[in-house]
Every structure is written in C-alpha cells, then in structure tokens.
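Descriptive structure summary
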Amino acid sequence: MIRVFDEKDFSWDDVPRLIYKEDKQLFQGVTRQVLFDGEGDIPCQFRYFEVEAGGYSTLEHHEHFHFVMIGRGKGQVLLGTTVHEVKQGDTMVIPSFMFHQFRANRGEALGFFCLVNKNRDKVAVPTKEELEELRRHEAVRQFLDGE
Ligand code: MN
C-alpha cells in the first residue's frame, strides 16, 4: 500500500495528525503521525513527530530503544547530559534509560521519524532529584530553560 507524501506540510494520505493536548509542564506544540503500525513480521511502529517552532517534546526515559532520523528543519536534542545540534538527515540511537528531549529552538519546526518496538514499556519523566542532577550541567540547564 502506498501513502503519498505531501511535502508542503509533511503529511501522508489517510494518516491522521494527532495533536496532543497542550501541557506546557511536559511538552508543547507536538504532533504525531503513525506511518507504520507493526504489520507482517515487523513488530515495530514507525512514527513522524513534529515539534512546532518554539515547542519541545517530553523530557523522558524508558527501557525501550528509539531509532530517530531528523526529517525536517533543525533544533537541539538532549541525550543523557549532552546537548546536540541536529538537522534534517541526522540519525541517532537512544538506548535504554537515557533521558531525551527534542527542542525546536532554532527558529523553525523540527520533525523527526522514530522507530520503536510495538511492545514497549511506558515512558517515565525525571524525578525531582534526577532533574536537579541533570540541571547541574550548565549546557543542560540552558537547554531546558530555553537560553
Ligand atoms: Mn522516548
């Protein structure tokens, strides 16, 4: 089955764009499109997330891995205690229990494709203590505070 891509707004035929209820405590301006939902012998989901300019995904960690490829725009990604500049085409593997967050903080939307196992554990946000530990790193603190 072919789903035709529309490059004007990064959408695909018959794929709904799911808009999360805004919760600025956790994330802002994030949509999700599920492009593949585990068919045949591939027990994975392949999703496209888009963070609008100025928005950010949830700061989280979990046991399951992600494979991510930036599909559109540029921004920054926090992986563990390191902040990375990312742009279209960059890829990354996010291993078990590494905190991660995507921020569209370079003046444009940041879109990324994300591969996950269909059977996966729930995400966890940092505890107060974990957040304090992360914020001890100056680059992480600046990233989180939008500086
Ligand atoms: Mn995650």
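For the structure itself, consult the block above.
Taken together, Glu 60 (OE), His 62 (NE2), His 66 (NE2) and His 100 (NE2) make up the full set of protein donors to the manganese ion, lying 1.9 to 2.2 Å away. In primary sequence terms, the donor set of the manganese ion follows E-x1-H-x3-H-x33-H. Within this pair, whereas Glu 60 is found in the loop between strand S5 (44-56) and strand S6 (66-79), its partner His 100 is found in strand S9 (residues 100-103), the two being separated by 40 residues in sequence. Like His 100, Glu 60 is buried.

The next subject is the environment of Ile 19. Structurally, the position occupied by Ile 19 is in strand S3 (residues 18-19). Residue Ile 19 is classed as exposed on the basis of its relative accessible area, which comes to 64%. Through-space distance from the C-alpha of Ile 19 to that of Thr 31 is 4.7 Å; in sequence the pair is 12 residues apart.

Axis separation between helix H1 (residues 128-135) and helix H2 (residues 138-145) bottoms out at 7 Å; the angle between their running directions is 110 degrees. Taken together, the axes of H1 and H2 are roughly perpendicular relative to one another. Within the contact between the two elements, H1 uses Leu 131, Leu 134 and Arg 135 and H2 uses Val 140, Arg 141, Leu 144 and Asp 145.

Where side chains of opposite charge bring their charged atoms close, a pairing between them can arise. According to the stated counting rule, one finds 12 salt bridges in the structure shown. One salt bridge in this structure joins Asp 145 and Arg 135, with 2.9 Å as the shortest N-O distance. A residue pair is termed long-range when its members are at least 10 positions apart, and Asp 145 in helix H2 and Arg 135 in helix H1 qualify at 10 residues. Residues participating in the shared-partner salt-bridge network are Arg 135, Glu 138, Arg 141, Asp 145 and Glu 147.

One finds Val 68, Ile 70, Met 92, Phe 102 and Phe 112 to be the most contacted residues of the largest nonpolar core, which totals 17 residues. Beyond its immediate sequence surroundings of up to four residues, Val 68 is in contact with Asp 90, Thr 91, Met 92, Ile 94, Phe 102, Phe 112, Phe 113 and Cys 114. Membership of the second largest hydrophobic core comes to 7 residues, among which are Leu 78, Leu 134, Phe 143 and Leu 144.

How each quantity is defined
Position numbers for residues start from 1 in each chain and track the written sequence from start to end. Only residues with pLDDT of 70 or above have their local features reported here, since the model is predicted, and side-chain atom pairs are shown and tallied only from 80 upward, although totals for entire chains, interfaces and linings are computed over all residues. Heavy atoms throughout the structure, all of them, feed into the side-chain values; hydrogens and water do not. As a rule, N, O and S atoms within 2.8 Å of a metal are its donors, except that Na, K and Ca use 3.2 Å; water is not among the atoms, so sites may look incomplete. Secondary structure elements are taken from DSSP: a helix is a run of H or I of four residues or more, a strand is a run of E of two residues or more, and numbering for both begins at the N terminus. Each residue is placed in one exposure class: buried if its accessible area under a 1.4 Å probe, protein chains only, is under 20% of its type's maximum, exposed if it is over 50%, and partly exposed if it falls in between. To obtain each axis, a line is fitted to C-alpha atoms, and for helices this fit is confined to the stretch in contact; angles are then taken between N-to-C directions over 0 to 180 degrees. Angle categories: roughly parallel below 35 degrees, roughly antiparallel above 145, roughly perpendicular from 65 to 115, and oblique for all the rest. Should any heavy atoms of two residues lie within 4.5 Å, those residues are considered in contact. Put simply, a salt bridge is a Lys or Arg side-chain nitrogen that is within 4 Å of an Asp or Glu carboxyl oxygen. By nonpolar core is meant a set of buried Ala, Val, Leu, Ile, Met, Phe, Trp, Tyr and Cys residues that side-chain atoms within 4.5 Å join together.

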